[in-house]
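The residues making up each chain are set out below.
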Amino acid sequence: MLLLNQLTPLPWWLAGSAIAVITLTLLWTTGRRLGISTGYENLCALVSDQPYFKRSGLHGPGAWRLPFLAGLLLGGLLSALLGGGWHPSWALGLWDQSIGAGPLAKSLWMFAGGLMIGVGTRIAGGCTSGHGVFGVAHLEKASWLAMLCFLASGMLTTFVVHRLIF
Amino acid sequence: MRQNTLFLVLGTAFGLVLSRGGATDYDIIQRMFLLESFQLYGILGTAVLVTGLGLRWMEARGRRAGGAPLAIRSKPFNRGTVAGSLLFGVGWSMTGMCPGPVLVNIGEGKLYALPAFAGVLVGTWLVGRSYDRLRGPLGLPPAAERDG
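One numbering rule holds for all chains: residues counted from 1, following each sequence as written. Labels are handed out in written order, letters beginning with A for the chains and numbers beginning with 1 for the ligands. With pLDDT at 70 or above as the cut-off, local features in this predicted model cover only qualifying residues; side-chain atom pairs require 80 or more to be listed or tallied, and sums for whole chains, interfaces and linings still use all residues. To get the side-chain values, take all heavy atoms of the structure and skip hydrogens and water.

In this text, helices come from DSSP runs of H or I with a minimum length of four residues, and strands from runs of E with a minimum of two, each type numbered from the N-terminal end. Assigned secondary structure in chain A consists of eight helices and zero strands. When the helices and strands of chain A are read in sequence order from the N terminus, they spell out α-α-α-α-α-α-α-α. C-alpha atoms of chain A, sized along the principal axes, occupy 45 × 35 × 35 Å. Burial classification: accessible surface area is computed with a 1.4 Å probe over protein chains only, and a residue below 20% of its type maximum counts as buried, one above 50% as exposed, and the rest as partly exposed. In chain A, which comprises 166 residues, the share counted as buried stands at 55%. Whether two residues touch is decided by their heavy atoms; if any such pair falls within 4.5 Å, the residues are in contact. Within chain A, contacts between residues separated by at least 24 positions form 50% of all contacts whose residues are at least 6 apart in sequence. When the accessible surface of chain A is summed, it comes to about 6700 Å², and 72% of that surface belongs to carbon and sulfur atoms. Here the open area of atoms and residues is found with the Shrake-Rupley method and a 1.4 Å probe, where only the protein chains shown may cover a residue.

This part takes up the interface of chain A and chain B. Each partner contributes to the interface: chain A provides 120 residues, whereas chain B provides 110 residues. Salt bridges are identified by distance alone: a Lys or Arg side-chain nitrogen within 4 Å of an Asp or Glu carboxyl oxygen. On the surface where chain A and chain B come into contact, there are two salt bridges. Here R146(B) and E41(A) are joined by a salt bridge, their closest N and O atoms 3.6 Å apart. Those elements that provide at least two residues to the side of chain A that touches chain B are helix 1 (12-30), helix 2 (39-47), helix 3 (51-54), helix 4 (65-82), helix 5 (93-98), helix 6 (103-124), helix 7 (128-137) and helix 8 (141-165) of chain A.

The next subject is the domain arrangement of chain A. Residue and element names in this part refer to chain A. Just so you know, the domain bounds were taken from an automatic or database domain assignment. Along its sequence, chain A is organised into domain 1 (1-88) and domain 2 (93-166). Placing the centre of domain 1 and that of domain 2 at their C-alpha centroids yields a distance of 18 Å. Domain 1 puts 10 residues into the contact, and the matching count from domain 2 is 11 residues. When domain 1 packs against domain 2, the two sides together hide about 810 Å² of surface, and 58% of this comes from carbon and sulfur. Put simply, buried area is how much 1.4 Å-probe accessible surface two parts lose in total, over both of them, once they are put together. For domain 1, the biggest contributors to the area lost against domain 2 are R33, L34 and S37; these three give 59% of the whole.

An α-helix turns once every 3.6 residues. As a result, residues three or four positions apart point the same way. Buried residues dominate helix 5 (residues 99-108) of chain B, accounting for 10 of its 10 residues. Looking at helix 5 of chain B, one finds that the buried residues are P99(B), G100(B), P101(B), V102(B), L103(B), V104(B), N105(B), I106(B), G107(B) and E108(B). Among the structural elements, helix 2, helix 4 and helix 6 of chain A together with helix 1 (2-21), helix 4 (79-95) and helix 6 (113-129) of chain B are those in contact with the buried residues of helix 5 of chain B. At the C-terminal side of helix 5 of chain B, G109(B) shows a positive phi close to 95°.

The next point concerns unusual backbone geometry. Although it is not a glycine, L139(A) adopts a positive phi angle of roughly 60°. As for its placement among the helices and strands, L139(A) is situated in the loop between helix 7 and helix 8. By relative accessible area, which is 66% here, L139(A) ends up exposed. For L35(B), which is not glycine, the phi torsion reads 60° and is therefore positive. Its place among the elements puts L35(B) in the loop between helix 2 (26-33) and helix 3 (39-61). With relative accessibility at 62%, the residue L35(B) sits in the exposed group.

Attention shifts here to helix 2 of chain A. Taken as a whole, helix 2 of chain A has its buried residues at G39(A), Y40(A), E41(A), N42(A), C44(A) and A45(A). Where helix 2 of chain A is buried, its residues contact helix 3, helix 4 and helix 6 of chain A together with helix 5 and helix 6 of chain B.

To continue, consider the packing of aromatic side chains. Geometry of aromatic contacts follows a simple scheme: Phe, Tyr and Trp rings, the Trp one being its six-membered ring, pair when their centres are within 6.5 Å, and the pair is stacked under 30 degrees between planes, edge-to-face over 60, tilted otherwise. Applying the stated rule across the entire model yields 12 aromatic pairs over all chains. The interplanar angle of 65° and the centroid separation of 6.0 Å between the aromatic rings of W64(A) and F68(A) together place this pair among those described as edge-to-face. The burial state of W64(A) is the same as that of F68(A); both residues are buried. Their ring planes at 80° and their centres at 5.1 Å tell us that F33(B) and W92(B) sit as a pair that is edge-to-face. With a gap of 59 residues between them, F33(B) in helix 2 and W92(B) in helix 4 connect regions that are remote in the sequence. Taken together, the aromatic side chains of W64(A), F68(A), F7(B) and F14(B) make up a single cluster linked through ring pairs. By definition here, charges over rings are those cases where NZ of Lys or CZ of Arg is within 6 Å of the ring centre and within 35 degrees of the ring normal. The ring of F77(B) has K141(A) lying over it, and the distance from NZ or CZ to the ring centre is 4.2 Å.

The geometry of helix 8 of chain A relative to helix 2 of chain B is characterised by a closest axis approach of 8 Å and an angle of 105° between their N-to-C directions. The angle between helix 8 of chain A and helix 2 of chain B places the two elements in the roughly perpendicular class. Contacts from F150(A), L151(A), G154(A), M155(A), T158(A) and H162(A) in helix 8 of chain A reach Y26(B), Q30(B), M32(B) and F33(B) in helix 2 of chain B. Grouping the amino acids of the contact of helix 8 of chain A with helix 2 of chain B by side-chain chemistry returns six nonpolar, four polar and no charged. As a rule, the C-alpha atoms of each element are fitted with a line to give its axis, helices using only the stretch in contact, and angles between N-to-C directions run from 0 to 180 degrees. Oblique is the label for any angle not under 35 degrees, not over 145, and not in the 65 to 115 range, which are roughly parallel, roughly antiparallel and roughly perpendicular in turn. Charged means Asp, Glu, Lys or Arg here, nonpolar means Ala, Val, Leu, Ile, Met, Phe, Trp, Tyr, Cys or Pro, and polar covers whatever is left, Gly included.

Right under this line is the structure:
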């Protein structure tokens with residue numbers, strides 16, 4: 001199983017430990033609880049006049065997720081640059097093999113999936129980072145249930161898409 | 001300002017690890033859901049175990065760097081937890097991305113991550129816009145008590 005530029009993935013124990021070190025460093029040095037999906041609220045708060053996005057928790061020190069999200073972009077860019085070069089691409093492995101539609105259909109598919117990520121994580125109150133890593137590690141009931149639902153629903157969707165329909 | 005640099009550096013490190021660990025790879029995500037690849041279960045399991053040990057130590061100590069008190073707010077449990085999580089699972093499978101990897105994928109140059117990013121933003125905005133109407137049926141907390 002290879003990544004972009006045919007790179008071999010890091011061993012799972014190393015990548016998992018690194019995520020834990022980053023999560024604990026964030027809490028230890030800044031008191032912030034890891035969580036990425038709320039960062040999309042910070043992005044909305046930059047432009048939206050809706051009262052929900054005007055709440056104080058998203059502004060001032062609460063805007064800390066903006067530089068963190070910028071770092072995620074930068075991390076992806078560095079990963080490509082340091083690992084064989086940055087080559088913009090539409091290639092999508094298994095999706096191209098089984099569904100095989102062009103960039104327009106792929107974009108609509110991705111937009112629809114993104115919409116469900118946005119609505120779902122806001123209603124669930126977190127994603128794989130805030131619930132899946134932090135909340136599960138912190139033994140929170142909501143997070144254990146959330147993670148089980150993420151996985152169950154992801155498994156069912158992938159099975160239906162790649163084993164039943166296409 | 002110094003803290004913003006720290007957030008940027010930690011985000012960059014997180015992005016690099018997600019990218020090289022395989023969390024931003026569509027095929028690895030699908031094979032995880034099909035139980036054909038252990039990679040992401042191994043990553044999540046290790047991250048949870050090591051984070052959990054660190055949290056126990058920090059909570060026992062009750063303080064973080066510089067002696068500041070440690071306050072961790074648990075996430076609320078409500079009807080939205082199940083409904084939202086099931087919906088997110090569909091999106092995770094369809095795109096092969098969770099919210100962090102959407103951004104990492106854009107950085108890597110995967111162009112299809114741009115419409116996914118637009119979708120996440122629109123979805124987030126839609127919930128924010130309808131939050132007061134969704135609160136009752138889903139049992140969500142008042143907006144002011146949400147994470148920020």
